[in-house]
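# What the coordinates show
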Amino acid sequence: MSNISIPYGTRDFSTNEIRKRNYIIYIIKKNFELFGFSPIETTSIENISILKRKYGEEGEKLIFQIINSGIILNYSLLSNKKKFFKKALRYDLTVPFARYVVMNKNKILFPFKRYQIQPVWRAEKPQKGRFREFYQCDVDSIGSKSIWQEIELILLYDKIFYELNLPVIIKFNHREILKQLSAFLGINKKFIEFTKILDKWEKIGSKKIFKKLIKIGISKYLLKKIFFIFKEEKNILNIYNFFLPLKKCFHFINEIKFIFKIIKKFKLKSSKLIFKPNLARGLNYYTGIIFEVLTENNILSLSGGGRYDNLTKIFGLKKKLSGIGISFGLDRIYISMLEMNLFNKFLFKYLDVIFINFGYNESIYSYKLILELRKNGISSELYPDNIKIKKQLKYANKKKITFVFLIGKKEIKKNKIKVKHLKFSIEKEYSYIDEFIDFFYNKNI
């Protein structure tokens, strides 16, 4: 038995873990619907041509591709990839969504707002908050360039994390501003490299970032001139004058200012909104505003996303459709809430009521009551075996079941329903099941 294991980077979940994860999904899904997003699902397996050249060089190495025989391997392991690989497990939910939009363009009413809550797979080296199989909870809106969509997503972030009691920092930037800065530094053709380096800011720090940027051919003089912009979170007004010579930046800087202006009017419940000029997001398809959400201690990234203008065009759609989306990392939110003891206030009950098994006739009688309780939304079951009552009660205690029904021959004869409240060790008799149901909803819960 010691040789039994599960694949590297995957996990099993206990009942308790699933109940907590389902609570997070409930809050996220409820608010997705509240903000007008509709559900879709896409296939777990995509044709490799759909996923390739969408995530950048580093992302592409993490795609799990499937060889013709059905065996799943890491993309980087084989040299003659075209011969063996034609399909892959999805890397994220955004690219499959863009493919879905193109395939269903004649059935979709634009702008189209959708949400997806499904697993994705990446051949990463597992570590805290990083797995090879994990869930993403995505919302995307496609078919409009309106900046109000960015504002809507910020408000959605704030509402969800407020309801989860998880204070967060919402960081955002604009990829077009980064493009203008790369042009100022004389590295237009190395923009992707530039963003990849900036994306590592939190991991390796400013000194190493500076050295890496010099290595890709940036003038030390020019880099020193603008490096102050990247060093800390900025008030957009404090660096506005710097961008005056970069006229192409005006529109994008004004978008940042507009977002702050509107959010200030509405006031966020618990989140902090920050303009972060070194935020780059490593995925190649982002073209506009980009987001990253972290816990207040800046340890775990809980969500990310942004504006993309060219994804559907890549799949052959002639009409250019601008889209924007964000993705909540279920696993990282779960880890953060667990570490902060945010689940303690919630009661995760397995069962409300259990009936002691006294034998065949008593079980038949009990089942009539069980069906009535279930009809009224009270979870209940009969202990399956007619064993010692002491053992059945011990089972109920361990499962933290609130009420135990003791319907023996004596109770059936008297036409009474005996109920024991385990937490307070109180026994009470009812004449009708409706009396208990009334008590359950009006006095106990």
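As the structure is a prediction and not an experimental result, all values here were calculated from the model. (Residues numbered from 1 in each chain as written. Predicted model: local features only at pLDDT ≥ 70, side-chain atom pairs only at ≥ 80, totals over all residues. Heavy atoms only, no water.)

Turning next to the sheet that holds strand β16 (residues 417-421). The sheet built from 5 strands is open, its strands ordered β14-β13-β15-β16-β17 with mixed pairing. Sheet topology places β14 (380-382) and β17 (426-430) at the edges, where each strand pairs with a single neighbour. The sheet shows a mean angle of 25° between the axes of neighbouring strands, direction not considered. Where strand β13 (residues 353-355) and strand β15 (residues 403-405) come together, 3 bridges link them in parallel fashion. Residue pairing in the sheet places Ile354 in a bridge with Val404 of β15. Sheet strands touched by helix α15 (residues 360-375): β13, β14, β15 and β16. Its angle to β14, the strand with the most contacts, is close to 165°. Lying on the sheet, helix α16 (residues 389-398) is in contact with β13, β14 and β15; it crosses β13 at an angle near 170°. (Pairing = 2+ DSSP bridges. Helix = DSSP H or I, 4+ residues; strand = E, 2+ residues; numbered from the N terminus. Axes fitted to C-alpha atoms, helices over the stretch in contact; angles between N-to-C directions. Contact = heavy atoms within 4.5 Å.)

What follows concerns the side chain of Asp140. Considering the arrangement of structural elements, one finds Asp140 in strand β7 (residues 133-142). By relative accessible area, Asp140 is classed as buried at 1%. One polar contact links Asp140 to Tyr308, side chain to side chain, over a distance of 2.6 Å. Setting aside anything within four residues of it in sequence, one finds Asp140 in contact with Phe37, Thr94, Phe97, Phe112, Lys113, Arg114, Tyr308, Ile324 and Gly325. (Buried < 20%, exposed > 50% of the residue type's maximum accessible area, 1.4 Å probe, protein only. Polar contact = N/O pair within 3.5 Å; in protein donor to acceptor, adjacent residues only side chain to side chain.)

A cluster of like positive charges, contributed by Lys207, Lys208, Lys211, Lys212, Lys215 and Lys231, occupies part of the molecular surface. For the positive patch, the leading source of residues is helix α10 (residues 206-215), giving 5 residues. Note that Lys212 resides in helix α10. (Patch = residues over 30% accessible without salt bridge, like charges linked within 9 Å, V, L, I, M, F, W, Y side chains within 5 Å. Areas by Shrake-Rupley, 256 points an atom, 1.4 Å probe, with all protein chains shown as cover. Salt bridge = Lys/Arg side-chain N within 4 Å of Asp/Glu carboxyl O. Lys, Arg positive; Asp, Glu negative; His and termini not counted. Charge placed at Lys NZ, Arg CZ, Asp CG, Glu CD.)

Oppositely charged side chains can form a pair if their charged atoms are brought close together. By the definition in use, this model includes 15 salt bridges. When the shortest N-O distance is used, the salt bridge between Lys418 and Glu411 registers 3.6 Å. Three or more residues are tied together by salt bridges with common partners; here these are Arg11, Arg21 and Asp331.

So, on to the packing of helix α8 (residues 191-198) against α10. Taken N-terminus to C-terminus, the directions of α8 and α10 make an angle of 165°; their axes are 10 Å apart at the nearest point. By the angle between their directions, the pair α8 and α10 is classed as roughly antiparallel. α10 is crossed by α8, and the crossing has right-handed handedness. Contacts from Phe194, Ile197 and Leu198 in α8 reach Ile209, Lys212 and Leu213 in α10. (Parallel < 35°, antiparallel > 145°, perpendicular 65-115°, else oblique. Left-handed = near helix turned anticlockwise from the far one by under 90°.)

Okay, the confidence of the model for the protein next. Put simply, the protein has an average pLDDT of 89, and 90% of its residues get 70 or more. Between the elements of the protein, mean pLDDT differs from a low of 57, seen in strand β4 (residues 72-74), to a high of 98, seen in strand β1 (residues 38-39). (pLDDT = per-residue confidence, 0-100.)

Turning our attention to the environment of Lys54. The residue Lys54 is located in the loop between α2 (48-51) and α3 (56-61) in this model. Among all residues touching Lys54, those that are not within four sequence positions of it are Ser49, Val95, Asn284, Tyr285, Leu311, Ile314 and Phe315. Of note is the side chain of Lys54, whose polar atom sits 3.5 Å from the backbone oxygen of Ser49.

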